[in-house]
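Structural description and commentary
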Amino acid sequence: MNFEFPLKELPAVMRGPRVERRRALIGGSAFWGTMVEEGEHAGKLRLDDGRLLNADDAVYLPPVNPSKIIAIHISYSSRSVETRNKPKPTETPTYFTKPTTALNGHRGQILKPADCKYLNYEGEYAVVISKTCRNVTPDEAWDYIEGFCPALDMGLQDFRDTDQGSMLRVKGADTLLPIGPGIVRGVNLFEQTLRTLVNGRVVQEAHIGEETIWGPHYVIADLARHITLLPGDVILMGTPCHSRSVDPGHVVECEITGIGRVSGTVVAIDAPRAAALGVGHAPTDTPEVRRVALGFDERVPDRFKDNLRQSRED
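None of these values were measured; they are calculated from a predicted model. (Residues numbered from 1 in each chain as written. Predicted model: local features only at pLDDT ≥ 70, side-chain atom pairs only at ≥ 80, totals over all residues. Heavy atoms only, no water.)

**Quick word on the overall build of the chain**
For clarity, the cut-off: For helices the rule is a DSSP run of H or I covering at least 4 residues; for strands it is a run of E covering at least 2, with both sets numbered from the N terminus onward. For the radius of gyration, the atoms used are the C-alpha atoms, and the globule rule reads 2.2 Å times the number of residues raised to 0.38. Burial here depends on accessible area, computed with a 1.4 Å probe over protein chains only, as a share of the maximum for the residue type. Under 20% is buried, over 50% is exposed, and the range in between is partly exposed.
Within the chain, the regular secondary structure consists of 8 helices and 21 strands. Taking 20 Å as the expected radius of gyration for a compact globule of 314 residues, we find that the chain reaches 19 Å, a close match to that expectation. Each principal axis of the C-alpha atoms in the chain carries an extent, and together these give about 55 × 50 × 40 Å. In the chain, which comprises 314 residues, the share counted as buried stands at 51%.

If you want it as structure tokens, here you go:
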């Protein structure tokens with residue numbers, strides 16, 4: 001058994017009080033702070049030097065500085081049903097990596113090159129590692145988690161034909177990982193609901209505890225059998241059903257109740273200069289690309305399809 005719900009004992013990282021740490025850019029320098037949860041300054045960001053900021057006006061940097069970013073392919077039952085037509089995709093998890101240069105801050109720009117047609121959203125929660133982790137059991141793994149972040153694991157599906165195994169360009173291009181605005185602990189992750197929104201309309205939704213196939217403690221123990229996880233490393237925990245493509249001008253958000261909301265705006269950019277010279281594998285629009293980019297509409301709730309259609313018309 002991979003995990004049990006309810007957990008026999010809530011791990012420390014999910015026991016209150018809620019604490020959220022954010023990193024903001026102020027006057028050209030990065031400063032850490034903690035969100036004020038109660039009292040007259042509730043909702044403000046208190047920097048470690050004592051200053052108070054209006055959290056809504058701050059410019060946020062990714063609240064992580066990882067040596068590596070590891071992502072699980074499928075870990076929600078609705079996503080497995082949509083893509084594989086069964087509630088569990090494989091007997092054990094499979095993974096890919098994203099380069100650290102894909103990191104993007106809250107309210108950042110998500111770049112869509114002119115020669116790419118399919119930029120898909122995937123709302124997820126990220127797990128942040130707190131200390132060096134190697135050769136641990138699932139029960140022990142909880143003690144190596146700093147906290148959780150909302151994240152958008154965006155993907156240029158046009159490169160799926162050539163990078164299907166590694167996902168390097170599909171998921172690794174610059175700006176394709178908005179994360180934050182903070183790292184949160186003291187919230188029971190398995191009681192929360194994850195939602196992805198496009199232009200304010202819900203296009204993905206899942207109760208994390210009800211849909212999770214492999215919990216973060218299982219995933220950490222699996223990875224740490226052979227890979228040393230370092231402080232700040234990020235593990236992306238997959239997305240529910242209905243990952244679809246978005247266009248320039250769309251605002252994409254991942255909201256997790258109790259944890260927070262991260263957003264990014266899709267922006268059009270020119271195709272890379274080397275593309276005109278025939279360098280590398282060109283983006284493609286093939287049956288395999290469309291299979292993933294467009295998904296299986298017959299296997300997802302109608303409200304997600306309707307909301308996405310309306311968001312495109314807004």
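That was the structure; now back to the text.
**Some points on the nonpolar core**
Operational definition: Buried Ala, Val, Leu, Ile, Met, Phe, Trp, Tyr and Cys residues form a nonpolar core when they are joined through side-chain atoms within 4.5 Å. Residues are treated as being in contact if the distance between any of their heavy atoms lies within 4.5 Å.
Grouped together as the largest cluster of nonpolar side chains are 68 residues, with contacts concentrated most on Tyr125, Phe148, Ile220 and Ile235. The residues touching Phe148, leaving out its near neighbours within four places in the chain, are Val13, Met14, Tyr125, Ala126, Val127, Gly182, Ile183, Val184, Leu189 and Ile259.

**Quick word on the sheet that holds strand β20 (residues 251-256)**
Test applied: In this description, strands pair whenever DSSP reports at least two bridges between them. Note on definitions: angles span 0 to 180 degrees between N-to-C directions of axes, and those axes are lines fitted to C-alpha atoms, for helices only across the stretch in contact.
Spatial ordering of the open sheet is given by β9-β21-β20-β16-β17, a layout of 5 strands whose pairing is mixed. At either margin of the open sheet sits one strand with a lone partner, and together these are β9 (108-113) and β17 (201-207). Along the sheet, successive strands turn relative to each other by an average axial angle of 20 degrees, direction set aside. Pairing analysis gives 6 bridges linking strand β16 (residues 193-198) to β17, with the strands arranged antiparallel. Within β17, the position partnered with Arg195 by the bridge is Glu205. Packing of helix α8 (residues 302-313) onto the sheet brings it into contact with β16 and β17, and relative to β17 it is tilted by some 150 degrees.

**Notes on the packing of aromatic side chains**
Defined as follows: Centre distance within 6.5 Å is the pairing criterion for rings of Phe, Tyr and Trp, where only the six-membered ring of Trp is used; planes under 30 degrees apart are then read as stacked, over 60 as edge-to-face, and the remainder as tilted.
Applying the stated criterion across every chain yields a total of 2 aromatic pairs. Each ring, one from Tyr125 and one from Phe148, has its centre 6.1 Å from the other, and the planes form 80 degrees; the classification is edge-to-face. Placement of Tyr125 in strand β11 (residues 123-129) and of Phe148 in strand β12 (residues 145-152) is noted, with a sequence separation of 23 residues between them. Each member of the pair, Tyr125 together with Phe148, is buried. With a centroid separation of 6.2 Å and an interplanar angle of 85 degrees, the aromatic rings of Trp142 and Phe190 are classed as edge-to-face. Taken together, the residues Trp142 in the loop between α2 (138-141) and β12 and Phe190 in the loop between β15 (182-185) and β16 connect sequence positions 48 residues apart.

**Some details on the pattern of salt bridges**
Filter applied, for reference: When a carboxyl oxygen of Asp or Glu is within 4 Å of a side-chain nitrogen of Lys or Arg, the pair counts as a salt bridge.
Per the stated rule, a full pass over the model turns up 28 salt bridges. One salt bridge in this structure joins Arg51 and Asp49, with 2.9 Å as the shortest N-O distance. For Arg51, a relative accessible area of 37% puts it in the partly exposed group. Note on Asp49: relative accessible area 46%, which makes it partly exposed. With a shortest N-O distance of 2.9 Å, Lys305 and Asp302 are connected by a salt bridge. On the criterion of helical spacing, the pair formed by Lys305 and Asp302 is a turn pair, its members being 3 residues apart in helix α8. Through salt bridges that share partners, Arg79, Glu82, Lys98, Glu122, Asp153, Lys171, Arg244 and Asp297 make up one connected network.

**Re the side chain of Lys98**
What counts is decided by this rule: Here a polar contact means two N or O atoms within 3.5 Å. Within protein one must be a hydrogen donor candidate and the other an acceptor candidate, and residues neighboring in sequence count only if both atoms are side-chain atoms.
Within the element layout of this structure, Lys98 appears in strand β7 (residues 95-98). Polar side-chain contacts of Lys98 include one of 2.6 Å to the side chain of Asp153. A distance of 3.3 Å separates a polar atom in the side chain of Lys98 from the backbone oxygen of Leu176. Excluding residues within four positions of it along the chain, Lys98 makes contact with Ile69, Asp153, Met154, Lys171, Leu176, Leu177 and Leu236.

**A closer look at the environment of Ile208**
Relative to the assigned elements, Ile208 resides in helix α5 (residues 208-211). With a relative accessible area of 0%, Ile208 lands in the buried category. Along the chain, Ile208 and Glu124 lie 84 residues apart, while their C-alpha atoms are 10.0 Å from each other.

**Let's talk about unusual backbone geometry**
Following Gly16, the chain continues into Pro17 via a peptide bond in cis, with omega recorded as 5 degrees. Within the secondary structure, Pro17 is located in the segment before β1 (19-26). Each neighbour pair has its own omega, and for Gly180 with Pro181 the value is 5 degrees, a cis peptide bond. By the element assignment, Pro181 lies in the loop between β14 (177-178) and β15. The backbone of Asn199 sits at a positive phi, close to 50 degrees, despite the residue not being glycine. Among the structural elements, Asn199 can be located in the loop between β16 and β17. For His242, which is not glycine, the phi dihedral falls at a positive 80 degrees. By secondary structure assignment, the location of His242 is in the loop between β18 (234-236) and β19 (245-246).

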